[in-house]
Amino acid sequence: MYKLAAIGLGHWFKRLYPGLSKNGNIAVVKAAAASPYESKAELLEKLGISRENYFVVASHSPMDENFFEDVDVVYISDPNEFHAEQALQALSKGKIAVVEKTFGVNKAEFDSVVDYVRKNKLEGKLYLHLHYLSKILAIELPSLLDRFTSEYGKITYTSAKFFEAENEEDARRSKWLFSMSNGSLFMDWVHPFELYYKGSMASDMKLNDVELFVVNQKYDAANPTGIHAMLTINGKYFAENVKVDVKIAKGLPKNLAEKSMIFRFDSGKSLVLNFVDSETEFVTDKRGSWKVIDQSGGVLLSGEPKGPNTSEKLASDIELLCRGVGSGISLDDANRIFDLQWKYQEMVKDKRLIAEEELVSKFIHQ
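The present account deals with the structure reproduced in this document. (Residues numbered from 1 in each chain as written. Predicted model: local features only at pLDDT ≥ 70, side-chain atom pairs only at ≥ 80, totals over all residues. Heavy atoms only, no water.)

### Some words on unusual backbone geometry
For residues other than glycine, phi is negative in most cases, and the peptide bonds are mostly trans. This is how the line gets drawn: Runs of E in the DSSP output that reach at least two residues are strands. Runs of H or I that reach at least four are helices, and both are numbered from the N terminus. Burial here depends on accessible area, computed with a 1.4 Å probe over protein chains only, as a share of the maximum for the residue type. Under 20% is buried, over 50% is exposed, and the range in between is partly exposed.
Backbone geometry at aspartate 70 places phi at a positive 60°, although glycine is not the residue there. Structurally, the position occupied by aspartate 70 is in the loop between β3 (54–56) and β4 (73–76). Non-glycine residue methionine 201 carries a positive phi angle of around 60°. On the basis of relative accessibility, which here comes to 36%, the residue methionine 201 falls in the partly exposed class.

### Quick word on the environment of valine 73
For the record, the criterion: Residue contacts are defined here by distance: any two heavy atoms, one from each residue, within 4.5 Å place the two residues in contact.
Along the chain, valine 73 falls in strand β4. On a C-alpha basis, the gap between valine 73 and alanine 84 in space is 16 Å, while along the polypeptide they are 11 residues apart. The residues contacting valine 73, other than those within four sequence positions of it, are Lys3, Leu4, Ala5, Ile96, Val98, Ile318 and Cys322.

### Let's talk about the sheet that holds strand β13 (residues 289–293)
Selection rule: Two strands are said to pair when DSSP picks up at least two bridges between them.
Within the open sheet, the 9 strands sit side by side as β14-β13-β12-β11-β7-β10-β9-β8-β15. Their pairing is mixed. The open sheet is flanked by β14 (299–303) and β15 (353–354), the only strands paired with a single partner. Looking at chain direction, strand β7 (residues 155–165) and strand β11 (residues 258–265) are connected through 8 bridges and run antiparallel. Bridge assignment links tyrosine 157 to a residue of β11, and that residue is arginine 264.

### A few points about the packing of helix α4 (residues 107–119) against helix α11 (residues 331–347)
The test is simple: All axes are obtained by fitting lines to C-alpha atoms, using only the stretch in contact for helices, and the reported angles, taken between N-to-C directions, cover 0 to 180 degrees. Should an angle fall under 35 degrees it is taken as roughly parallel, and over 145 as roughly antiparallel, whereas 65 to 115 is taken as roughly perpendicular and any remaining angle as oblique. Lys, Arg, Asp and Glu make up the charged group, whereas Ala, Val, Leu, Ile, Met, Phe, Trp, Tyr, Cys and Pro make up the nonpolar group; the residues left over, Gly among them, are polar.
Between α4 and α11, whose axes approach to 11 Å, the crossing angle comes to 170°. The angle between α4 and α11 places the two elements in the roughly antiparallel class. Where α4 approaches α11, its residues Lys107, Phe110, Asp111, Val114, Val117 and Arg118 are matched on the opposing element by Leu331, Asp332, Ala334, Asn335, Phe338 and Trp342. Residue classes in the contact of α4 with α11 are distributed as 7 nonpolar, 1 polar and 4 charged.

As structure tokens, this is what we get:
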């Protein structure tokens with residue numbers, strides 16, 4: 001039985017735990033979070049974690065040395081601004097570090113983790129969890145594109161739309177979720193870019209421009225809650241310098257929630273991917289769907305892939321890491337994906353937030 005210590009018991013830990021429970025070979029033996037034991041007593045008792053094995057995280061302070069004793073892997077899923085320090089400390093203690101979303105909120109932090117790992121040859125000890133790459137639809141995307149580009153020609157245009165419905169959890173986290181100290185919405189929704197790089201096998205992507213929108217003022221009126229990113233992409237399945245439109249937003253009415261990607265081929269036919277939420281995956285056998293449509297929207301082909309959900313895949317990857325088997329994306333891939341984040345952070349310094357109702361509506365509906 002491998003032993004896991006978790007930093008952060010919120011959004012992401014709750015998504016991992018079902019997979020750990022089903023896996024059966026990994027036990028959560030220690031936990032840490034910002035709030036006192038009493039506020040999480042019910043969850044901790046369910047996990048079987050005693051008061052002695054619970055640690056309070058102090059902002060930008062090292063973790064208690066005892067937290068790392070007699071554990072195999074440290075799972076880091078608290079706010080992004082703490083990830084670099086915590087990952088480096090875990091690695092320095094000889095532990096496997098599984099990090100949600102990002103190694104750091106800016107290039108300097110991110111590079112500090114990557115450089116430490118390379119210098120000390122710890123590639124097998126660090127895992128960056130980008131959960132859309134664990135989705136069966138993403139895993140099957142290369143074979144779908146290989147098949148359909150041979151039939152319909154190369155990709156000449158592509159777009160992605162990831163709109164999340166308003167919910168209590170995002171509202172509760174909104175004070176820090178959208179700020180640049182956490183990496184902003186662009187980092188929170190890194191998933192379209194990981195899908196383009198690892199799912200559609202892009203060789204490079206260039207961020208040309210962005211538009212920033214106030215989609216939900218209750219969440220945040222000072223930072224964007226909607227972003228339109230305009231890029232160009234190249235790769236084995238793409239024509240030269242293909243235009244890409246990526247739209248991401250949080251806090252929309254439920255009927256506008258959507259998580260989709262479209263790849264238009266030279267013939268005019270298109271591959272459409274529709275992803276489902278992780279929570280839906282946990283309680284159903286739904287893993288998303290794909291379809292090929294013609295120019296008028298008629299469905300020519302379709303499929304609904306089946307397989308492990310994202311939580312089960314992550315738990316399996318953690319077990320492989322504990323066994324000394326490398327899994328997850330490489331540091332080179334991580335750098336390529338996050339290079340867009342650093343370009344975004346430079347680009348938005350001179351950008352204004354768009355709050356005009358007509359322009360926000362156009363962003364949402366077009």
